[in-house]
Amino acid sequence: MKRSCTALLVLLLAGLLILPVFAQTAPVFADDTGTLDAAAAAEALTRAARGGDFTVAAAVTGNAGGDVQAAAESWFDLTYGPNTRGILLYLDVNAREYRILVRDDPEAETFNPKALRYVQKAVEARLRQNDFQGGVEAFAEKVGELLDLKAQGKVYGKGLSLLWIPGALLGGFLLGGLPVGGMKRENRSVRKQQSAVDYLVPGSVILSRSTQQFVNRKQDRRPVSQNNTSVTKAGSNQQTSVGGKF
Amino acid sequence: MADNLMEYKCPHCGGVLEFDSASQKMKCPYCDSAFDVEELKGRDQGLDQAPPAEQPGAWAQGETDHMGVYTCKSCGGEIVADKTTGATHCPFCGNPVVLTGQFSGDLKPDLVLPFQVDKNAAVRGLKQHMSGKKLLPRLFSKDSHLQEVKGVYVPVWLFDAQVEADLRYKATKTKNWSDNQYHYTETEEYQAARAGTVAYENLPVDGSSKVPADMLEALEPFDVAKAKPFQTAYLSGYLADRYDLTAEAAKPRAEERMRRSAEDAFRSTVEGFSTVETQSARIQLQDSRVRYALYPVWLLHTRWKDKDYQFAMNGQSGKFVGDLPVDKSLLWKYRAIYGGIIAAVIYGVAFLVSHL
């Protein structure tokens, strides 16, 4: 009995010692396809975190099929635990589908829907070109920008930039020309007639030939951008996710 | 001096008759007698003959190259007029005169559209034309002086033609749909062809270099159904010119308008497509016929800040045209007002969207 208790105590102590190590050493980048430059990606993601306690991670898998959302959540939970705050890009290259998963305080606005769309747009543009490395790096770059804004006490998409003032004035000046142009045209009434429609003899249009031949058919398709944002509870955090096919 | 000049004397008092647009009759301004124009038809009998040759006068050679010199039958005064003038007033006694030599032989018009609106309507038309124009200089309507209002019969060529067309088009039909994974766009391309004929009649082209062609076209349409066979009596009391641009010179303008209109007419039969692009068009005019007519136009002339402004009114329908000056300071003022309002709206909308 005493031995068992000692063994349990040792295991508990070992666990306590191991957990922080596990948290600190958990990889920020995983690639089971082995096709990406893992060192470069990990460096970009680490840099994006700006040395803070907010995890910035990416995982690339080649396992097509299944629920990508569930796989992303599971990967995050297994790697970092359910209470970790962070953002994950989960990419299934065979299913050509991705998810961006955010675990953050419920009141945090850093990764609001507009900010996530900003990240998503940059990532998707690269993924559509099959540039997966570029997708991960674009993800890191944009997340880094959002965290920089947070450090400055700002939130992406909230409030107006001062640039809007000259922009609105320029827009007003250009669009204001439309009604004034109409007023100016009112002063001009001497114009040449372009058509002879007033002099067409009624019923005189006689069609001796009216044919139309099918030449060819062309079909284009582009993937549907799935901006289905979902918000759920994950541990002590709020989980927000966006994603889609590319 | 040529002496082919006609005055319509009132059989009752000897005054000179004028055409009255309100009653469509010849009226004596002195004794108010009125006569049907038809009754005076006999006076134009000599018009089908060749115009009389110019007779040598007292003017030096070359001096009257671009002028005609006539003697007023009422006062004997010498009327000096442009070579194309067909009806005018004697500068001495003010009586209306018709220079019949300008409308005889080949120069005789086929049709005349009598004036239906009078001089007062033309002056009122100018006031209406200026009202409600926000960019008109405030002082223009007050300070501009109406220099002249004249009723002029403008010579026009009326073209009739059958247009034969053969056109080819590239047309497309586009269909869009989506499923869970993709947005699809299907484009079907077609080759369409149309051939056939279309007819135009009474398309007018300005026959006078004195009235700007664009001004006469801006006054369209004139109702040719109300035209009368030509009689000089209709000209009495108005000014008139004979043509100085030949039918041959006017024809390309008529053809240009008919071609464009025919292209539009056939293009409108290519229906049910998302886009239609004309690839080739072969358009030929056939059975072209031309008639010579006189159209009624009121010409008004004002002067403001040493600049002339010309206006015109359709003497049949009352349609008024003429370019008005634009006050640049008002133009910038309105631009600033509208620009400011639009800028505020843009900023307000952006502000609301950013805070949603």
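To be clear, the structure that these remarks concern was listed above.
(A) Local environment of the overall build of chain B. Looking only at helices and strands, chain B has 5 helices and 16 strands in total. Taking all 356 residues of chain B together, the buried fraction comes to 48%. The long-range share in chain B, meaning contacts at least 24 apart out of those at least 6 apart in sequence, stands at 73%. Accessible surface computed for chain B: about 17200 Å², of which carbon and sulfur atoms make up 49%.

(B) Inspection of the overall build of chain A at higher detail. What chain A contains, in helices and strands, is 6 helices and 7 strands. Looking at chain A as a whole, 37% of its 246 residues qualify as buried. Relative to all contacts within chain A whose residues are 6 or more apart in sequence, the contacts with residues 24 or more apart total 70%. A total of about 14000 Å² of accessible surface is found on chain A, and carbon and sulfur atoms cover 58% of it.

(C) Structural detail: the packing of aromatic side chains. A complete count under the given rule lists 26 aromatic pairs over all chains for this structure. Consider the rings of Phe115(B) and Tyr238(B), whose centres lie 4.2 Å apart with planes at 5°: the pair is stacked. With Phe115(B) in the loop between strand 9 (111–112) and helix 1 (119–130) and Tyr238(B) in the loop between strand 12 (228–229) and strand 13 (239–241), this pair connects stretches of sequence that are 123 residues apart. Relative to Tyr295(B), the ring of Phe222(B) lies with its centre 4.4 Å away and its plane at 35°, an arrangement referred to as tilted. On the criterion of sequence distance, the pair formed by Phe222(B) in the loop between helix 3 (213–218) and strand 12 and Tyr295(B) in strand 14 (residues 275–304) is long-range, its members being 73 residues apart. Here Phe222(B) matches Tyr295(B) in class, with each residue buried. Ring pairing ties together the aromatic residues Phe115(B), Tyr153(B), Tyr238(B) and Trp298(B), which thus form one cluster. We note Arg221(A) situated over the ring of Tyr182(B); from NZ or CZ to the ring centre the distance is 4.0 Å. The lysine or arginine in question, Lys333(B), covers the ring of Tyr334(B), its NZ or CZ lying 5.9 Å from the ring centre.

(D) Molecular detail of the packing of helix 4 (residues 113–127) of chain A against helix 5 (residues 132–151) of chain A. Residue and element names in this part refer to chain A. Two numbers describe how helix 4 lies on helix 5: the axes approach to 7 Å, and their chain directions differ by 160°. With respect to each other, helix 4 and helix 5 are oriented roughly antiparallel. Seen from above, helix 4 lies across helix 5 with right-handed handedness. For the pair helix 4 and helix 5, the contacting residues are Ala115, Tyr118, Val119, Ala122, Val123, Arg126 and Leu127 in the first and Phe132, Gly134, Gly135, Ala138, Phe139, Lys142, Val143, Glu145 and Leu146 in the second. Grouping the amino acids of the contact of helix 4 with helix 5 by side-chain chemistry returns 11 nonpolar, 2 polar and 3 charged.

(E) Main features of the side chain of Asn95(B). Residues and elements named next belong to chain B. Structurally, Asn95 can be placed in the loop between strand 7 (85–89) and strand 8 (96–99). Residue Asn95 is classed as buried on the basis of its relative accessible area, which comes to 10%. Residues within four places of Asn95 in sequence aside, it is in contact with Glu7, Val16, Tyr30, Ser74, Thr88, His89 and Cys90.

(F) Representation of the interface of chain A and chain B within the structure. Contact with chain A, which involves 59 residues of that partner, is made by 71 residues of chain B. Interface area, chain A with chain B, both sides summed: about 6100 Å², of which 57% is carbon and sulfur. Together, Asn187(A), Val190(A) and Tyr199(A) form the three largest contributors to the area buried by chain A at its contact with chain B, with a combined 13%. For the interface between chain A and chain B, the tally reads 4 salt bridges.

(G) Main features of the pairing of strand 6 (residues 230–234) of chain A. Residues and elements named next belong to chain A. In this sheet, strand 7 (residues 237–245) lies alongside strand 6 in antiparallel orientation, the contact comprising 5 bridges. Residue Ala234 lies in a different strand from strand 7, and its bridge partner there is Asn237. Between strand 6 and strand 7, which follow one another and run antiparallel, lie 2 residues, and Gly235 among them has a positive phi close to 60°.

(H) Spatial organisation of the sheet that holds strand 4 (residues 97–104) of chain A. Residue and element names in this part refer to chain A. On the basis of which strands lie adjacent, the open sheet formed by 6 strands has the order 1-2-3-4-7-6 and mixed pairing. The open sheet has two edge strands with one neighbour each: strand 1 (29–31) and strand 6. Neighbour-to-neighbour, the strand axes of the sheet open up by a mean angle of 15°, direction not taken into account. Pairing geometry for strand 3 (residues 86–92) and strand 4, over 7 bridges, is antiparallel. Bridging from a neighbouring strand, Tyr90 pairs with Arg99 of strand 4. Against the sheet, helix 4 engages strand 3, strand 4 and strand 7, with an angle of about 155° to strand 4. Sitting on the sheet, helix 5 touches strand 1, strand 2 (55–61), strand 3 and strand 4, and the angle it makes with strand 3 is about 165°.

(I) Molecular detail of the pattern of salt bridges. Residue and element names in this part refer to chain A. With the rule as written, the count across this model stands at 27 salt bridges over all chains. The closest approach of N and O atoms between Glu43 and Arg47, which form a salt bridge, is 3.3 Å. Taken together, the residues span about one helical turn, with Glu43 and Arg47 both in helix 2 (residues 38–48) at a distance of 4 residues. Two residues, Arg99 and Glu97, come together in a salt bridge whose shortest N-O distance is 3.7 Å. For Arg99, a relative accessible area of 10% puts it in the buried group.

(J) Main features of the sheet that holds strand 4 (residues 34–35) of chain B. Residue and element names in this part refer to chain B. With respect to topology, 3 strands assemble into an open sheet ordered 2-3-4, the strand pairing being antiparallel. Pairing within the sheet leaves two strands with one partner each, and these edge strands are strand 2 (18–20) and strand 4. Judged from the 2 bridges that link them, strand 3 (residues 25–27) and strand 4 form a sheet pairing that is antiparallel. Note that in strand 4 the partner of Met26 across the bridge is Phe35.

(K) Quick look at the packing of helix 2 of chain A against helix 5 of chain A. All names here are of chain A. As a packed pair, helix 2 and helix 5 sit with axes 8 Å apart at the nearest point and diverge in direction by 10°. Relative to helix 5, the element helix 2 is oriented roughly parallel. Between helix 2 and helix 5, the contacting residues are Ala40, Ala41, Ala44, Leu45 and Ala48 on the first element and Gln133, Val136, Glu137, Phe139, Ala140, Gly144 and Leu147 on the second. For the contact of helix 2 with helix 5, the residue count by class is 9 nonpolar, 2 polar and 1 charged.

(L) View of the nonpolar core. Residues and elements named next belong to chain B. In this structure, Met26, Tyr153, Leu235 and Trp298 are the most contacted members of the largest nonpolar core, which totals 68 residues. Mapped onto this core, the elements with two or more residues apiece are helix 1, strand 10 (145–178), strand 11 (182–206), helix 4 (247–267), strand 14 and strand 15 (307–314). Among the elements that take part in this core, strand 10 stands out by supplying 10 residues, more than any other. Those residues in contact with Leu235 that lie beyond four places of it in its chain are Ala87, Val98, Phe103, Tyr153, Phe230, Ala240 and Leu294.

(M) Up close: helix 3 (residues 68–80) of chain A. Residues and elements named next belong to chain A. End to end, helix 3 covers 18 Å across 13 residues, agreeing with the expected 18 Å (1.5 Å per residue, within 8%). Two to three positions downstream of the cap, the backbone nitrogen of Gln69 sits 3.0 Å from a side-chain oxygen, assigning the N-cap of helix 3 to Asp67. Directly beyond the C-terminal end of helix 3, a positive phi value near 90° is found at Gly81.

Thresholds applied
- Residues numbered from 1 in each chain as written.
- Chains lettered and ligands numbered in written order.
- Predicted model: local features only at pLDDT ≥ 70, side-chain atom pairs only at ≥ 80, totals over all residues.
- Heavy atoms only, no water.
- Helix = DSSP H or I, 4+ residues; strand = E, 2+ residues; numbered from the N terminus.
- Buried < 20%, exposed > 50% of the residue type's maximum accessible area, 1.4 Å probe, protein only.
- Contact = heavy atoms within 4.5 Å.
- Areas by Shrake-Rupley, 256 points an atom, 1.4 Å probe, with all protein chains shown as cover.
- Phe/Tyr/Trp six-rings, centres within 6.5 Å; stacked < 30°, edge-to-face > 60°.
- Lys NZ or Arg CZ within 6 Å of the ring centre and 35° of its normal.
- Axes fitted to C-alpha atoms, helices over the stretch in contact; angles between N-to-C directions.
- Parallel < 35°, antiparallel > 145°, perpendicular 65-115°, else oblique.
- Left-handed = near helix turned anticlockwise from the far one by under 90°.
- Nonpolar A, V, L, I, M, F, W, Y, C, P; charged D, E, K, R; others polar.
- Buried area = accessible area lost by both parts, 1.4 Å probe.
- Salt bridge = Lys/Arg side-chain N within 4 Å of Asp/Glu carboxyl O.
- Pairing = 2+ DSSP bridges.
- Core = buried A, V, L, I, M, F, W, Y, C linked by side-chain atoms within 4.5 Å.
- Expected span 1.5 Å × (residues − 1).
- Polar contact = N/O pair within 3.5 Å; in protein donor to acceptor, adjacent residues only side chain to side chain.

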